[in-house]
Amino acid sequence: MRGVGVGPGDPELVTVKAARLIGEADVVAFHSGPRGDSIARRIAASYFTDDVVEELLVYPVTTGSTDHPLGYHGLMADFYDESADRLAAHLDSGRNVVVLAEGDPLFYGTYMYLHDRLADRYDTAVVPGVTSVSGSAAAVATGLCRHEDVLTILPGTLPVPELARRLADTEAAVVMKLGRTFENVREALRQAGRLDEARYVERASSDAERVLAVADVDASTVPYMSMVVVPGKDLRADDAGRAASSTPAASAYRRAEPAPSVVGEVVVVGLGPGPDRWLTPEATAALAEVGHVVGYAPYVNRVPQRAGLTRHASGNTVEVDRARDALELARKGERVAVVSGGDAGVFGMASAVFEAAETYGYGDVPVRVLPGVTAAQAVAARAGAPLGGDFAVMSLSDRLKPWSVIERRLRAAASADLVIALYNPASRSRTEQVARAREVLLGERVPDTVVVVGRDVGRAEESLTVTTLGDLDPSTIDMKCLVVVCARGTRVTDGGQVWTPRFVD
């Protein structure tokens, strides 16, 4: 069996190899909607032999509802099983089978579901085809992406906020699966500030090809076989096409330029531990007013995209660099939000912003810090009230301070009988700190000291474990956890709630 891509529409874009295999096939299979009109067959029909056996595989539905007990995906799984059985009968009889696919077989192609079912039983191969993305880019006749631009291919079925965020976060984009989703895609483009540059391509490379500005398209006329192309703009390139470096490392120690007459503001915002309901109204209002949001990518991703908002996402170990970038934007008159998970002032970006301002000479740029619900509060609330008495908050990360300092502080807090909330307990590169911290704490606390481990609190995968210091398994702790080591007087109710008295007994 051969899965053969036949390109986006123009029969002359069928590859030489694809044409040869189609001409040699005993059986040619192709899919269609419920009306039985196969686009793949129309593209490749001129390569069929007169005696070829044609297998039309008709989707039971393409839109709408179904009464299948497992819903749409259950119905389609049954259809693919039945289609695979039909082709298997030909293969068992020794016939060569070619399955046609518009564009490329493994790029959003239906062929892959047959491949999954048959490849382990028969000799199979895939012949790539010109994708619809390539065909649409050629129709627009504009450079799609240049130099280090990122190209993102998105399904139009994504929710509008998510689609808008992803469109704003990439240099170039292609949005597929239009039809009924078109108005949502157009709204996402507007929110992302990409509407003016976006182009609509219908039936790329075929005789019916159309190219329009997305803003000018009548949504009622949009077929499924269409897409939106958003070309990237290489703003770093000079007239000769040479891209200049703009990485943080290249400018990490550059002093700030003299201040212009108009200075904006940096607002440092704590987003809370996860759910939107834990984002404060004050933070929501601030995020609605700024023109830029800067931060670690997973936190930037939590800020809804809207028209006029520019996103600046970066990695997890460049806090001062991104703080400096935010201050530079504010110095140019922009209003900028720097975002952190939890509370920005608790092992978050607030200190990094002040550090960058002091180091690089941005002392004149206004900085505001807005509080957020921090992980210690969230885990404590889920557990009961383990922070009801005196407590300490510590980070086990030794990236910015030596382990000897962490150990000394752990021992001091433990000997003082403080409840200790431990942030950053582990990561992919830090796997021993929890075990070492446990050994230090056991030197000051009894093994039956109550310990609370909160993981992904506030999210769908949330879990809460109440154990003891002696039974704590360090291998179960990762970066998504916060560990609360309780005091001698901390109690656990019959219902499993943990609380620390306000008094010492």
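See the structure above.
Residues numbered from 1 in each chain as written. Predicted model: local features only at pLDDT ≥ 70, side-chain atom pairs only at ≥ 80, totals over all residues. Heavy atoms only, no water.

(A) Just empty space enclosed by the protein, in detail. For the structure on display, the rule yields one cavity of 30 Å³ or more. In this model, the largest cavity occupies a volume close to 40 Å³. If you trace the largest cavity, you find it lined by Leu422, Val434, Ala437, Arg438, Leu441, Leu472, Val483 and Val485. Looking at the lining of the largest cavity, the elements with two or more residues in it are helix H14 (433–442) and strand E21 (481–485). At four residues, H14 tops the list of elements feeding residues into the lining of the largest cavity. For the lining of the largest cavity, a count of residues per class yields seven nonpolar, no polar and one charged. (1 Å grid on protein atoms, 1.4 Å probe; cavity = no way out; pocket = protein on both sides within 12 Å on 5 of 7 lines; lining within 4 Å. Points joined across faces, edges and corners; volume = space filled by probe spheres on them. Helix = DSSP H or I, 4+ residues; strand = E, 2+ residues; numbered from the N terminus. Nonpolar A, V, L, I, M, F, W, Y, C, P; charged D, E, K, R; others polar.)

(B) Looking closely at the nonpolar core. In terms of nonpolar packing, the biggest core is built from 23 residues, with Leu396, Leu410, Ile420 and Leu422 touching the most fellow members. Counting residues per element, this core draws most heavily on helix H13 (residues 403–415), at five residues. Leave out the neighbours within four places in its chain, and Leu422 touches Met394, Leu396, Leu410, Leu482, Val483 and Val485. If you look at the next biggest cluster of nonpolar residues, it comprises 22 residues, including Leu154, Leu167, Phe182 and Val185. (Core = buried A, V, L, I, M, F, W, Y, C linked by side-chain atoms within 4.5 Å. Buried < 20%, exposed > 50% of the residue type's maximum accessible area, 1.4 Å probe, protein only. Contact = heavy atoms within 4.5 Å.)

(C) Quick look at the packing of aromatic side chains. Taken as a whole, this structure holds eight aromatic pairs when the rule is applied. Ring centres 6.4 Å apart and planes at 25 degrees place the aromatic pair Phe30 and Phe48 in the stacked group. In this pair, Phe30 sits in strand E2 (residues 27–32) while Phe48 sits in the loop between helix H2 (39–44) and strand E3 (53–58), placing the two residues 18 residues apart along the sequence. Here Phe30 matches Phe48 in class, with each residue buried. Here the aromatic rings of Phe182 and Tyr200 are separated by 5.8 Å at their centres, their planes lie at 80 degrees, and the arrangement is edge-to-face. Of this pair, Phe182 sits in helix H7 (residues 182–191) while Tyr200 sits in strand E8 (residues 199–202), and the two are 18 residues apart along the sequence. There is no split in this pair, since Phe182 and Tyr200 are both buried. Here the aromatic cluster, defined as three or more aromatic residues joined through ring pairs, consists of Tyr59, Phe79, Tyr80 and Tyr113. We note Arg277 situated over the ring of Trp278; from NZ or CZ to the ring centre the distance is 5.4 Å. The residue whose ring lies beneath Arg324 is Tyr360, and the NZ or CZ to ring-centre distance is 5.7 Å. (Phe/Tyr/Trp six-rings, centres within 6.5 Å; stacked < 30°, edge-to-face > 60°. Lys NZ or Arg CZ within 6 Å of the ring centre and 35° of its normal.)

(D) Structural context of the side chain of Asp343. Note on placement: Asp343 falls in the loop between strand E14 (335–340) and helix H11 (349–360). Although buried, Asp343 forms no salt bridge, and the nearest oppositely charged side chain, Arg302, lies 12 Å from it. Leave out the neighbours within four places in its chain, and Asp343 touches Gly270, Gly348, Pro371, Gly372, Val373 and Thr374. (Lys, Arg positive; Asp, Glu negative; His and termini not counted. Salt bridge = Lys/Arg side-chain N within 4 Å of Asp/Glu carboxyl O.)

(E) Highlighting the sheet that holds strand E23 (residues 498–499). Reading across the sheet, the three strands line up as E16-E23-E22 and stay open at both edges, with mixed pairing between neighbours. Strand pairing shows two members of the sheet lacking a second neighbour, strand E16 (384–385) and strand E22 (491–492), which therefore form its edges. (Pairing = 2+ DSSP bridges.)

(F) Up close: the state of the cysteines. One pass over the full model with this rule turns up zero disulfides. Not part of a disulfide, Cys486 finds its nearest cysteine sulfur in Cys481, a span of 15 Å. Look at Cys486 and you get buried, because its relative accessible area is 0%. (Disulfide = S-S within 2.5 Å.)

(G) A look at the pattern of salt bridges. Inspection of the entire model under this criterion finds 30 salt bridges. Between Glu289 and Arg335 there is a salt bridge, with its nearest N and O atoms 3.5 Å apart. With Glu289 in helix H8 (residues 281–289) and Arg335 in strand E14, this pair connects stretches of sequence that are 46 residues apart. Residue classification places Glu289 among the partly exposed positions, given a relative accessible area of 47%. In this structure, Lys480 engages Asp456 in a salt bridge whose closest nitrogen and oxygen atoms are separated by 4.0 Å. Remark: Asp456 occurs in the loop between strand E19 (450–455) and strand E20 (463–468) and Lys480 occurs in the loop between E20 and E21; sequence separation between them is 24 residues. When salt bridges that share partners are traced, they join Glu162, Arg165, Arg166, Asp169 and Arg311 into one network.

(H) Representation of a nonpolar patch on the surface. Residues Phe347, Phe391 and Val393 make up a contiguous nonpolar surface patch of roughly 260 Å² in combined accessible area. Given a relative accessible area of 40%, Phe391 falls into the partly exposed group. (Patch = residues over 30% accessible without salt bridge, like charges linked within 9 Å, V, L, I, M, F, W, Y side chains within 5 Å. Areas by Shrake-Rupley, 256 points an atom, 1.4 Å probe, with all protein chains shown as cover.)

(I) Local environment of unusual backbone geometry. Phi is positive for His147, which is not a glycine, with a value near 50 degrees. For His147, the location among the structural elements is in the loop between helix H5 (132–140) and strand E6 (151–155). The phi torsion at Lys177 lies on the positive side, around 60 degrees, for a residue other than glycine. Following the sequence through the fold, Lys177 ends up in the loop between strand E7 (172–176) and H7. Accessibility expressed as a relative area gives 23% for Lys177, which makes it partly exposed.

(J) Molecular detail of the packing of helix H10 (residues 319–331) against H11. Contact pair H10 / H11: the axes reach a minimum separation of 8 Å and the direction vectors enclose 70 degrees. Relative to H11, H10 is oriented roughly perpendicular. The two elements H10 and H11 cross, and the hand of that crossing is right-handed. Residues Glu319, Val320, Arg322, Ala323, Arg324 and Leu327 of H10 pack against Met349, Ala352, Val353, Glu355, Ala356, Ala357 and Tyr360 of H11. Of the residues in the contact of H10 with H11, the class split is nine nonpolar, no polar and four charged. (Axes fitted to C-alpha atoms, helices over the stretch in contact; angles between N-to-C directions. Parallel < 35°, antiparallel > 145°, perpendicular 65-115°, else oblique. Left-handed = near helix turned anticlockwise from the far one by under 90°.)

(K) Quick look at helix H12 (residues 375–383). Of all the positions in H12, only Ala376, Ala378, Val379, Ala380 and Ala383 are classed as buried. Along its buried surface, H12 packs onto E16, strand E18 (419–423), E19, E20, E21 and E23. Gly384, located one to two residues past H12, shows a positive phi value of around 140 degrees.

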